[in-house]
Amino acid sequence: MDTSMSRVRVWDVPVRVFHWLLVLSFAGAWLSAESERWRLLHVTLGYTVAGLVAFRLVWGLVGTTPARFASFVRGPAAVLAYLKGLLAGRAPHTTGHNPAGALAIIGLLGLAALTTALGWATYNDLGGEFAEEGHELAANLMLLLVGVHLLGVLVGSLAHRENLVRAMFTGRKQGHPEESAQRAWAPLGAALLVAVLGFWAWQWNSAPQPDASWQTASAGQTPATGPLAALKSLLDDDDDDDKEGH
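Quantities reported herein were computed from a predicted structural model and do not represent experimental measurements.

## Describing the overall build of the protein chain
And then number 1: When helices and strands are counted, the protein chain shows ten helices and two strands.
And then number 2: When the helices and strands of the protein chain are read in sequence order from the N terminus, they spell out β-α-α-α-α-α-α-α-β-α-α-α.
And then number 3: The buried share among the 246 residues of the protein chain stands at 39%.
And then number 4: A separation of at least 24 residues holds for 74% of the contacts in the protein chain among residues at least 6 apart in sequence.

## A short note on the nonpolar core
And then number 1: Counting 29 residues, the largest nonpolar core has V15, F18, L52, L109, M142 and L192 as its most contacted members.
And then number 2: A total of seven residues in this core trace back to one element, the largest contributor, which is helix α1 (residues 13–31).
And then number 3: Residues within four places of M142 in sequence aside, it is in contact with F26, L108, L111 and A112.

## Digging into the environment of N98
And then number 1: Checked against the element boundaries, N98 lands in the loop between α4 (76–87) and α5 (99–123).
And then number 2: Taking relative accessible area as the criterion, N98 reaches 16% and is therefore assigned buried.
And then number 3: A sequence separation of 20 residues divides N98 from A78, and the C-alpha atoms of the two residues are 9.5 Å apart.
And then number 4: A distance of 3.0 Å separates a polar side-chain atom of N98 from the backbone nitrogen of A100.

## As for unusual backbone geometry
And then number 1: We note that D125 has phi near 55°; this positive angle belongs to a residue other than glycine.
And then number 2: Looking at the secondary structure, you find D125 in the loop between α5 and α6 (128–160).
And then number 3: The phi dihedral of W185 falls on the positive side, at around 55°, and the residue is not glycine.

## Section: the side chain of H135
And then number 1: Topologically, H135 is positioned in helix α6.
And then number 2: The exposure class of H135 is buried, given its relative accessible area of 19%.
And then number 3: A distance of 2.8 Å separates a polar atom in the side chain of H135 from the backbone oxygen of T115.
And then number 4: Filtering out sequence-adjacent residues up to four positions away, H135 remains in contact with H42, T115, L118, G119 and T122.

## As for the confidence of the model for the protein chain
And then number 1: Per-residue confidence for the protein chain averages 85 on the pLDDT scale, and 83% of its residues sit at or above 70.
And then number 2: No element of the protein chain has a lower mean pLDDT than helix α9 (residues 210–218), which averages 47, and none a higher one than α1, which averages 97.
And then number 3: When the criterion is pLDDT under 50, residues 212–227 qualifies, and its contacts beyond four places in sequence or with other chains add up to 23 contacts.

## Focus on the packing of aromatic side chains
And then number 1: Using the criterion set out here, one finds five aromatic pairs in the structure.
And then number 2: Centroid distance W59 to W185: 5.5 Å. Interplanar angle 80°. Geometry classified as edge-to-face. Placement of W59 in helix α2 (residues 39–62) and of W185 in the loop between β2 (172–175) and α8 (186–206) is noted, with a sequence separation of 126 residues between them.
And then number 3: Residue classification places W59 among the buried residues on the basis of a relative accessible area of 6%.
And then number 4: We note R183 situated over the ring of W185; from NZ or CZ to the ring centre the distance is 3.9 Å.

What counts and how
- Residues numbered from 1 in each chain as written.
- Predicted model: local features only at pLDDT ≥ 70, side-chain atom pairs only at ≥ 80, totals over all residues.
- Heavy atoms only, no water.
- Helix = DSSP H or I, 4+ residues; strand = E, 2+ residues; numbered from the N terminus.
- Buried < 20%, exposed > 50% of the residue type's maximum accessible area, 1.4 Å probe, protein only.
- Contact = heavy atoms within 4.5 Å.
- Core = buried A, V, L, I, M, F, W, Y, C linked by side-chain atoms within 4.5 Å.
- Polar contact = N/O pair within 3.5 Å; in protein donor to acceptor, adjacent residues only side chain to side chain.
- pLDDT = per-residue confidence, 0-100.
- Phe/Tyr/Trp six-rings, centres within 6.5 Å; stacked < 30°, edge-to-face > 60°.
- Lys NZ or Arg CZ within 6 Å of the ring centre and 35° of its normal.

Next up, the structure:
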């Protein structure tokens with residue numbers, strides 16, 4: 001490894017908060033996608049993904065050096081050269097995202113935006129089967145790309161002998177000091193976390209009473225707005241079961 005490199009801050013707090021919130025939101029949305037009962041929770045997480053992507057696009061333009069798209073997005077030639085070097089066991093180390101990883105990230109952001117847009121159209125009865133099938137296809141492609149990304153993280157960690165998953169928790173990895181994130185931007189990261197948690201709390205509090213929601217749904221009408229009504233209903237049902245057991 002280059003002796004001019006040291007352990008430096010690469011990922012600022014907003015990038016790390018964004019990353020793990022996106023992981024949780026996409027995983028939750030995926031797991032709740034096929035259940036009508038969890039549909040409103042699915043919608044809430046979809047809105048969260050959309051908001052996170054919007055934040056990352058802005059931060060990719062004005063954020064710290066490693067977070068900016070201009071610092072890691074490269075053309076097809078650079079991606080191909082990196083992959084060839086990786087196969088040959090001589091891939092160059094990068095402080096931030098490597099060219100192949102950068103391509104995966106751009107793809108994930110694009111698919112996340114497309115998935116949520118088509119999901120919004122489906123939820124609002126716009127676009128018909130085209131929007132619904134497109135939403136499902138985009139989500140499946142995103143899941144596939146997540147798998148490719150995870151494989152790339154594993155290969156990159158082995159090739160460069162550094163734990164890239166840990167780096168996304170700590171924010172630090174081997175790199176050149178001049179290419180590091182000079183500020184952690186912890187207050188902004190905390191604000192992003194508070195905004196997402198506040199949105200979830202607002203959706204929870206605005207959810208309709210479960211009984212009224214499900215009565216409306218059973219009558220063939222659209223339930224009242226409030227994406228966490230399904231979760232409230234499930235919790236209430238569990239409470240009722242516990243009472244009956246006693």
